[in-house]
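Overview (structure and organization)
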Amino acid sequence: MKAKITVSPKKAVLDPQGKTVQSALEHMGYTGIRAVHVGKYLEIEIEGDKEIVRQQIDEACRKLLSNPVIEDYQFTLE
Amino acid sequence: MKAKITVSPKKAVLDPQGKTVQSALEHMGYTGIRAVHVGKYLEIEIEGDKEIVRQQIDEACRKLLSNPVIEDYQFTLE
Amino acid sequence: MNFAVLQFPASNCDQDAVHVLKNVLGHSARLLWHKENSLGDVDGVLIPGGFSYGDYLRTGAIARFSPIMKAVQLFAENGGMVLGICNGFQILCEAGLLPGALVRNRSLQFCCERVHLKVATTRSGFTRAIPENKLLQIPIAHGDGCYFADESTLGELQKNDQILFQYATPQGMLTDAANPNGSLLNIAGICNKNRNVAGMMPHPERASEGWLGGTDGRLIFESWLQELTGRNKPSAT
Amino acid sequence: MRIDPAITPELVQKHGLTPDEFERIKAILGRSPNYTELGIFSVMWSEHCSYKNTRPLLKGFPTTSDKILVGAGEENAGIIDIGDGLAIAFKIESHNHPSAVEPFQGAATGVGGIIRDIFTMGARPICALNSLRFGELSSPEVRRLFSGVVSGIAHYGNCFGIPTLAGEVYFDKSYEGNPLVNVFCLGVLRHEQIARGAAKGVGNPVFYVGPATGRDGLAGAAFASQDLTEESAEQQRGAVQVGDPFMEKLVMEACLELLATGCVAGIQDMGAAGLTCSTCETAARAGTGIEIDLSKVPQRAPNMTPYEIMLSESQERMLIIVKKGREKEVQTIFDKWDLPWAEVGFVTDTGQMVVKNHGELIVNIPASKLADEAPIYHRTSREPAYLENVRRFTLEKISDTVTPEADLKALLAWHSIASKNWVYRQYDHMVRNGSVVCPGSDSAVVRIKEDSLPLLPDGTFGPRFTEKLIALAVDCNATYVYLDPYEGAKIAVAECARNLACSGAIPLGTTDNLNFGNPHNPEIFYQLKKSVEGLAEGCRAFNAPVTGGNVSLYNQNPNGPIDPTPTVAMVGLIEKWEYVTTQWFKNEGDVIVLLGEVIDSSDPLLGMGGSAYLQRIHGLKTGTPPRLNLDKEKQLHDGLRALIYAGLVMSAHDCSDGGLGVTLAECCISQQIARDTPRLIGATIDLRNSPATRLDALLFGESQSRVVISVNPNKLADAKSEASQRGISFNEIGTVGGDLLTIQSSHRTVTTKLADLHDPWWNAIGRAMN
Ligand SMILES: Nc1ncnc2c1ncn2[C@@H]1O[C@H](COP(=O)(O)OP(=O)(O)O)[C@@H](O)[C@H]1O
Ligand SMILES: [Mg+2]
């Protein structure tokens, strides 16, 4: 099984990296950009019962893979 | 529109972050983990014609958002 | 000689490079803002260390799109000598002026310390003044200094004698323990095939005055100066 | 439209204001404050901004000398003359609570804040220090905090491009859950470049520079959790501040460039309490008024209320008062650096701080009353009960050591003593090409060269000058302070000054950070009061006036308060390159000399009270700490400097944590040439004539006023006579050389291989972290 996890800065939190990438894209001539957010992407290959794995990944996201103070996460299991 | 982009290290590239996360997860008692890869996740909010945006995002991925020497990218447009 | 030291937003070793070229080595060096389109009348270009654009996204990724980089590209194509130090090395790789890429240190930590460097070749304009078999002591200070290139590129680098510096033990051995960041082949610095563009992670400008704990870095600038003497100026736009 | 909550006693209380304080606010305004005004008073009258609990105490500090150009409390940082028309600005600041919540960003924004305080003065920041306290590394939570804080400091400082050149790290249970993160920055400028945080010139426009304002940092003590908006709960609480060192670097370069044009009438960073503090303080300093319109303030989040905008602590923002008619120059420079800016208001002559929103009057407060007339409290103090037990401790309770070799290794590996290379290797400590002595010796030394300065209006660095050398150290043995607040604080100052003397420097000034628990507790207030007295006494003795500092109270965890920690950072000048001295032994055959007494026999505990030895080997944190005689200490520093100036000293290392044994070991093993390349050099020590009754006290007692130096044998006679003229005791105790550290005493001979000392010392922290 593969867990695909995305971790993004919370909306209310400053995302200097996103801002910087946005202005770089604008300098390169891309238009119409409203916002850019930069976060992390993790792929975890893992064996086990799907429901249990789902719980484990969720817990791991909360405890280790994201920083709940400043980040949100989402994941899918395939 | 929202472009969701994932950038992952190529398999041949050392991914110390993936290794560290894997061993941290194992320390926390999770079993059955085969591999962990850590990459980047970008969200770009952008206006424009969907096909043109698709081309633009693809180009931006190739030129700026990923480095083909070390990374692969994928994206979806919503 | 006339040197241009490029200044990107958050270059932060720019002034250090000027200081050494000017005050220590007695040449002329000036800062050149990244929004400029032309290098002006220069003999050499130095891309200094720092955190251009905050190192956001990837080190060097954004800086390489600055207007001045077009001029640098042209200068290099015409044989002009370009040295990238630390962030400068990262920018040169991103810009495709040097092969490979620099990724996160394998320790995942920033690392600032003096290291030993084996000089892999003195057959370059950046190493020619270094005495044969001399081990250099030069500081590093980076979080993304792990050199990566695919097998065939590495093969090319070796075949063409493009590897300039490698992390070594105090005895000059290329061991894993001597490698501070996980670089393939312990690579600390390379040059391009034409040997006029070079990049290195260690900071020679921080090892150019005795009071700061060593002068081995000076040998690199002196090599460059030797090479430039008696060369024709490449055309710079 | 949103409706502000009604001003109820509960709301006032939630804002940390007492009923009396609220009455005072009403008296000042002649009416009841509205919601935004209440928020403004609450932050300005918080301890952080007003020092309402500590101001009477701080009056005791010596704050003057003929070198002080800007004194304590006048501006964002003090400024000291260093000759040739040059000056330095420096200050220390805490970011303890933010670091407990989010160690990486908390520490990072702490660094950002102190750097802004320095360039606000017109100075170019050239180096940073940090003083850190954590619980014990055996706890995974402490490791998380420790590594988060260190990488946060590294991230901000490295990216900004400032060398983090020295610091200290202690580990003690009392800091568990409440780490201390104190950061220091020093900058350089010419006298005529000093900038002021004053809103001068009626009619001058007020500019806002830097990133847009978000709901950052609103979760602070002053925030009341009302149902204010439709936004998510998380947004109401306010977001953790995230640092952007890249932005700060650009803001600094742009501000220094702008200051050089002469078009700035006043400048102030937006630190704690952001727009609130910067507007009312600049007006109060200039005796003017200020008016801003919030609709012009760049905003990151939708629907921000005036309350939120005024109290936001978004980072990397500056308030600049520009000379009327020169607005264009400001715009040109900020556009060059791609920085957001906005003209948000102007200076008035009303003395009022006026805030409008789309023209609607929101806030109208007398600026000086808000800034300068916070209430002052004289808290009661009572000697803590635990001190009685402390004083009762005697050495009879422990038996002398029979395993001195093992004790020495254990002490060297004790995390508070072990090498901090795991920490400082993560900091770029060499950027800017000025680091003459890097972390690892008693003091750091940084040189000031022309490009350390901000540019002059003509685009040059100005007239040439001979490079200057500045030495820096930061110290506080909080165990001593806990066991004896007055004496402990004195020792903190003395140790700092001693570290400077060891490097060949003469003190210029001091900045301090008072980290304590809740001052409403009389026992804590006692610690605070006595500590301040001790600091003041020490600073006076070494002619190192206090130029500024920071107070951080309410540092408690559920198990109780932290150990009282009055961190001291001292800055000194080294007059010549030849005087720069480091702590490690240099040459085989050099004679090892102890300046000061081998042991303080008048101390019944022989220097063992509160020692690292008692803590590490016996698990005891007790005993009256060693005594310190300031006259004697001063004499030692003067004598040591005289020896150094005369070219008689090869190395000098102060004797502190771990006593003579640890000090000697460090002299043998602390020089690091390059990665995996320590220079180990042995020593043979003979203490057989020393009067000690106990071996543990002889080796590990921490009697004060001692320095280990090494001297070329040919210069021994000169050194001896210089020392005797200076009235300092000069004990030849051994010789440098070999690959062992051997200490002979009347008890027995202690012998260890250098490699066996180096490994535990160098690697202890790294191993604990892996
Ligand atoms: N957090 C830190 N950052 C940078 N340098 C540090 C840090 N902690 C300790 N150091 C450096 O390590 C050396 C030893 O520190 P410390 O044990 O506090 O020495 P001392 O006992 O002489 O005060 C000093 O050079 C100090 O500056
Ligand atoms: Mg110390």
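Below you will find a few notes about this structure. (Residues numbered from 1 in each chain as written. Chains lettered and ligands numbered in written order. Predicted model: local features only at pLDDT ≥ 70, side-chain atom pairs only at ≥ 80, totals over all residues. Heavy atoms only, no water.)

**Observations regarding the relation of the copies chain B and chain A**
Cut-off, in case you're wondering: Residues reaching a pLDDT of at least 70 in both copies supply the C-alpha atoms on which the copies are superposed by least squares. We call two residues in contact whenever any of their non-hydrogen atoms come within 4.5 Å of each other.
Superposing chain B onto chain A takes a rotation of 180° plus a shift of 0.1 Å along the axis, which leaves an RMSD of 0.4 Å. The two molecules are tied by a two-fold rotation axis, judged by turn and shift. Take the interface residues of chain B: 97% of them recur as interface residues in chain A, which is what a same-surface contact looks like.

**Brief notes about empty space enclosed by the protein**
Residue and element names in this part refer to chain D. What counts, and what does not: Each cavity reported here is a set of points on a 1 Å grid over the protein atoms alone in which a 1.4 Å probe fits but cannot get out, each pocket an open set with protein on both sides within 12 Å along at least five of seven lines, and each lining residue one with an atom within 4 Å of a point. Grid points are joined across faces, edges and corners, and a volume is the space filled by probe spheres set on the points. The helix count covers DSSP runs of H or I at least four residues long, the strand count covers runs of E at least two residues long, and both are numbered beginning at the N terminus. Charged means Asp, Glu, Lys or Arg here, nonpolar means Ala, Val, Leu, Ile, Met, Phe, Trp, Tyr, Cys or Pro, and polar covers whatever is left, Gly included.
Scanning the entire structure with this criterion turns up seven cavities of 30 Å³ or more. By volume, the largest cavity is sized at about 120 Å³. Looking at the largest cavity, it is lined by 18 residues, and the ones nearest its centre are Tyr170, Trp414, Asn477, Thr479 and Gln615. Every element with two or more residues in the lining of the largest cavity is listed here: β5 (164–171), α18 (478–483) and α21 (612–618). A per-class count over the lining of the largest cavity returns seven nonpolar, six polar and five charged. Space inside the second largest cavity adds up to approximately 60 Å³. What lines the second largest cavity is simply Ile126, Pro163, Val431, Arg432, Gly434, Ser435, Val446, Arg447, Lys449, Asp451 and Ser452. Tallied by class, the residues present in the lining of the second largest cavity amount to four nonpolar, three polar and four charged.

**Concerning the pattern of salt bridges**
We count it as follows: Between Lys or Arg on one side and Asp or Glu on the other, a salt bridge is scored when a side-chain nitrogen of the former is within 4 Å of a carboxyl oxygen of the latter. Relative accessibility decides the category of a residue: with a 1.4 Å probe and only protein chains considered, values under 20% of the type maximum give buried, values over 50% give exposed, and everything between is partly exposed.
Under the definition given, this model contains 68 salt bridges over all chains. For Glu43(A), the salt bridge is made with Lys2(A), and the minimal N-O distance between the two is 3.6 Å. In this pair, Glu43(A) sits in strand β2 (residues 33–46) while Lys2(A) sits in strand β1 (residues 2–9), placing the two residues 41 residues apart along the sequence. Overall, Glu43(A) belongs to the buried group, its relative accessible area being 11%. Of the charged contacts in the structure, one is a salt bridge between Lys35(C) and Asp338(D), with a shortest N-O distance of 3.3 Å. With Lys35(C) in the loop between β2 (28–33) and β3 (44–47) and Asp338(D) in the loop between α13 (327–336) and β11 (341–348), the pair connects residues from two separate chains. Accessibility expressed as a relative area gives 30% for Lys35(C), which makes it partly exposed. Each of the salt bridges in this network shares a partner with another, and the network as a whole consists of Glu74(D), Glu75(D), Arg196(D), Glu281(D) and Arg285(D).

**What about the interface of chain C and chain D?**
Selection criterion: Buried surface area refers to the total accessible area, computed with a probe of radius 1.4 Å, that the two partners give up upon joining, counted for both partners together. Pairs of N or O atoms are called polar contacts if they sit within 3.5 Å, as long as, within protein, a hydrogen donor faces a hydrogen acceptor (for residues adjacent in sequence, only side-chain-to-side-chain pairs).
Of the residues lining the interface, 37 residues belong to chain C; the matching set on chain D comes to 38 residues. When chain C packs against chain D, the two sides together hide about 3,300 Å² of surface, and 56% of this comes from carbon and sulfur. One can count five salt bridges joining chain C with chain D. The partner of Arg447(D) in a salt bridge is Glu209(C), and the shortest N-O contact between them spans 2.7 Å. The interface formed by chain C and chain D includes 15 residue pairs in polar contact (both at pLDDT 80 or more). Listed by contribution, the elements that provide at least two residues to the side of chain C that touches chain D are α1 (14–24), β6 (111–119) and β7 (135–142) of chain C. Take the side of chain C that touches chain D: its biggest share by element is six residues, from β6(C). Looking at the side of chain C that touches chain D, its residues break down into 20 nonpolar, 10 polar and seven charged.

**Structural notes on the sheet that holds strand β21 (residues 565–574) of chain D**
All names here are of chain D. Selection rule: Criterion used throughout: strands pair if DSSP finds at least two bridges between them. In this description, a line fitted to the C-alpha atoms serves as the axis of each element, helices being fitted only across the stretch in contact, and the angle between N-to-C directions of two axes falls anywhere from 0 to 180 degrees.
Pairing in this open sheet of six strands is mixed, and the strands run β14-β15-β16-β21-β17-β18 from one edge to the other. Of all the strands in the sheet, the pair left with one neighbour each is β14 (435–437) and β18 (546–552). Averaged over all pairs of adjacent strands, the angle between their axes in this sheet comes to 25°, without regard to strand direction. Across six bridges, strand β17 (residues 506–515) lies against β18 in parallel orientation. When the sheet's bridge partners are listed, Asn513 is paired in β18 with Asn550. Against the sheet, helix α19 (residues 485–502) makes contact with β16 (468–475), β17 and β21, and its axis sits at roughly 25° relative to β21, the strand it touches most.

**Topic: the side chain of Ser503(D)**
Residue and element names in this part refer to chain D. Within the secondary structure layout, Ser503 lies in the loop between α19 and β17. At a separation of 2.8 Å, a polar atom in the side chain of Ser503 contacts the main-chain carbonyl oxygen of Leu500. In contact with Ser503, not counting residues within four places along its chain, are Ser443, Val445, Ala471, Ile574, Tyr579, Val580 and Thr581.

**Focus: unusual backbone geometry**
Positioned with a positive phi, Asp161(C) is a non-glycine residue whose angle comes to about 60°. Among the secondary structure elements, Asp161(C) is positioned in the loop between α4 (151–159) and β9 (163–168). The backbone phi angle of Asn303(D) is positive, close to 55°, even though this residue is not glycine. Here Asn303(D) is to be found in the loop between β9 (289–293) and α12 (306–311).

Taken by themselves, the reported measurements are silent on function.
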